[in-house]
Amino acid sequence: MPTSTIKIMSEDAGVGEEGRRFKRCYVCLGPLKEGFLDGCRPIIGLDGCHLRGPLGGILLTAVGTDPNDGMYPLAWAQVEAENNDSWDWFIGLLKQDLGMENEATYTFISDRQKGLVNALESQGPAAEHRYCVMHMYRNLHKEHKGIGVRRLLWSAAR
């Protein structure tokens, strides 16, 4: 698929070692990119999760919204940690792939990760940035348990 983007970043091996060591990998398949640009809404959800296993790391994802309000995968990356540098790298590559010259037409939805918020401010200062209601509810539920809080929050969100 010639329009796909796959970037692999490596770094020098540790002191006293030769060669290079894997650091990050970014994937954005061409058909997914073209489908998003042809028919999806300019809403992108960003999130990260821990990868369990011997290598560990973090999986960063970008998911769009299709015309039927369904989830539409856009891009993903395996990075060493969820921090400013890795989010900045991921969002920069995503912007380049989608040709985001005018990021003011896009809305990003995410949780409140510090690295992600900072990266969105630097990479897309004109874009809308909103927080996921489910993440807000989970944080609110820690302090205020009960069904009434959930109903009030969802009413306010609607």
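As a reminder, the structure under discussion sits directly above these lines.
Remember, predicted model here, so these are calculated numbers, not experimental data.

Looking at the nonpolar core
Line of reasoning, step 1. One finds Tyr-26, Ile-44, Leu-46 and Phe-90 to be the most contacted residues of the largest nonpolar core, which totals 29 residues.
Line of reasoning, step 2. Of all the secondary structure elements, the ones that give two or more residues to this core are β2 (20-28), α1 (30-39), β3 (41-50), β4 (58-65), β5 (71-79), α2 (84-98) and α3 (114-123).
Line of reasoning, step 3. Looking at this core, the element that brings in the most residues is α2, giving seven residues.
Line of reasoning, step 4. If sequence neighbours within four positions are ignored, Leu-46 has contacts with Thr-61, Ala-62, Trp-87, Phe-90, Ile-91, Leu-94, Phe-108, Ile-109, Ser-110, Asp-111, Leu-116 and Leu-120.

Thoughts on the sheet that holds β4
Line of reasoning, step 1. Taken in spatial order, the seven strands of this open sheet run β1-β2-β5-β4-β3-β6-β7, and their pairing is mixed. Whereas interior strands pair on both sides, the edge strands pair on one side only; in this sheet they are β1 (5-12) and β7 (128-131). Each adjacent strand pair in this sheet contributes to an overall mean axis angle of 20°, direction not counted.
Line of reasoning, step 2. Direction of pairing for β3 relative to β4: antiparallel, over a ladder of eight bridges.

Structural notes on the environment of Ala-156
Line of reasoning, step 1. With respect to the element layout, Ala-156 can be found in helix α5 (residues 147-157).
Line of reasoning, step 2. Overall, Ala-156 belongs to the exposed group, its relative accessible area being 66%.
Line of reasoning, step 3. The sequence separation of Ala-156 and Thr-5 amounts to 151 residues, and the corresponding C-alpha distance is 40 Å.

Some thoughts on the pattern of salt bridges
Line of reasoning, step 1. Counted under the stated rule, the structure contains eight salt bridges.
Line of reasoning, step 2. A salt bridge links Arg-24 to Glu-80; the nearest nitrogen and oxygen atoms lie 2.9 Å apart. Residue Arg-24 is found in strand β2, and its partner Glu-80 is found in the loop between β5 and α2; the two are separated by 56 residues along the sequence.
Line of reasoning, step 3. Classification of Glu-80 as partly exposed rests on a relative accessible area of 35%.
Line of reasoning, step 4. For Glu-103, the salt bridge identified is with Lys-95, shortest N-O distance 3.8 Å.
Line of reasoning, step 5. Taking relative accessible area as the criterion, Lys-95 reaches 17% and is therefore assigned buried.
Line of reasoning, step 6. Via salt bridges that share partners, Arg-24, Glu-80 and Asp-85 belong to a single interconnected network.

Looking at a nonpolar patch on the surface
Line of reasoning, step 1. Taken together, the side chains of Ile-6, Ile-8 and Phe-22 make up a nonpolar region of the molecular surface, amounting to roughly 330 Å² of accessible area.
Line of reasoning, step 2. Relative to the elements of secondary structure, Phe-22 occurs in strand β2.
Line of reasoning, step 3. A relative accessible area of 43% places Phe-22 in the partly exposed class.

Let's talk about the side chain of Gln-123
Line of reasoning, step 1. Tracing the backbone through its elements, the reader meets Gln-123 in helix α3.
Line of reasoning, step 2. Given the relative accessible area of 18%, Gln-123 is considered buried.
Line of reasoning, step 3. Only 3.0 Å separates the side chain of Gln-123 from the side chain of Asp-88, close enough to count as a polar contact.
Line of reasoning, step 4. Non-local contacts of Gln-123, meaning those with residues more than four positions away in its chain, are made with Asp-88, Ile-91, Gly-92, Lys-95 and Glu-103.

Some points on the packing of aromatic side chains
By convention here, two paired aromatic rings are described through the distance between centres and the angle between planes.
Line of reasoning, step 1. Per the stated rule, a full pass over the model turns up three aromatic pairs.
Line of reasoning, step 2. For the pair Tyr-26 and Phe-90, a centre-to-centre distance of 5.8 Å together with 65° between the ring planes defines the contact as edge-to-face. You can see Tyr-26 sitting in strand β2 and its partner Phe-90 sitting in helix α2, a full 64 residues away along the chain.
Line of reasoning, step 3. Taken together, a centroid distance of 5.9 Å and an interplanar angle of 75° make the contact between Trp-87 and Phe-90 edge-to-face. Here the residue Trp-87 and the residue Phe-90 both occupy positions in helix α2, the gap between them amounting to three residues, near one helical turn.

The rules behind the values
Residues numbered from 1 in each chain as written. Predicted model: local features only at pLDDT ≥ 70, side-chain atom pairs only at ≥ 80, totals over all residues. Heavy atoms only, no water. Core = buried A, V, L, I, M, F, W, Y, C linked by side-chain atoms within 4.5 Å. Buried < 20%, exposed > 50% of the residue type's maximum accessible area, 1.4 Å probe, protein only. Helix = DSSP H or I, 4+ residues; strand = E, 2+ residues; numbered from the N terminus. Contact = heavy atoms within 4.5 Å. Pairing = 2+ DSSP bridges. Axes fitted to C-alpha atoms, helices over the stretch in contact; angles between N-to-C directions. Salt bridge = Lys/Arg side-chain N within 4 Å of Asp/Glu carboxyl O. Patch = residues over 30% accessible without salt bridge, like charges linked within 9 Å, V, L, I, M, F, W, Y side chains within 5 Å. Areas by Shrake-Rupley, 256 points an atom, 1.4 Å probe, with all protein chains shown as cover. Polar contact = N/O pair within 3.5 Å; in protein donor to acceptor, adjacent residues only side chain to side chain. Phe/Tyr/Trp six-rings, centres within 6.5 Å; stacked < 30°, edge-to-face > 60°.

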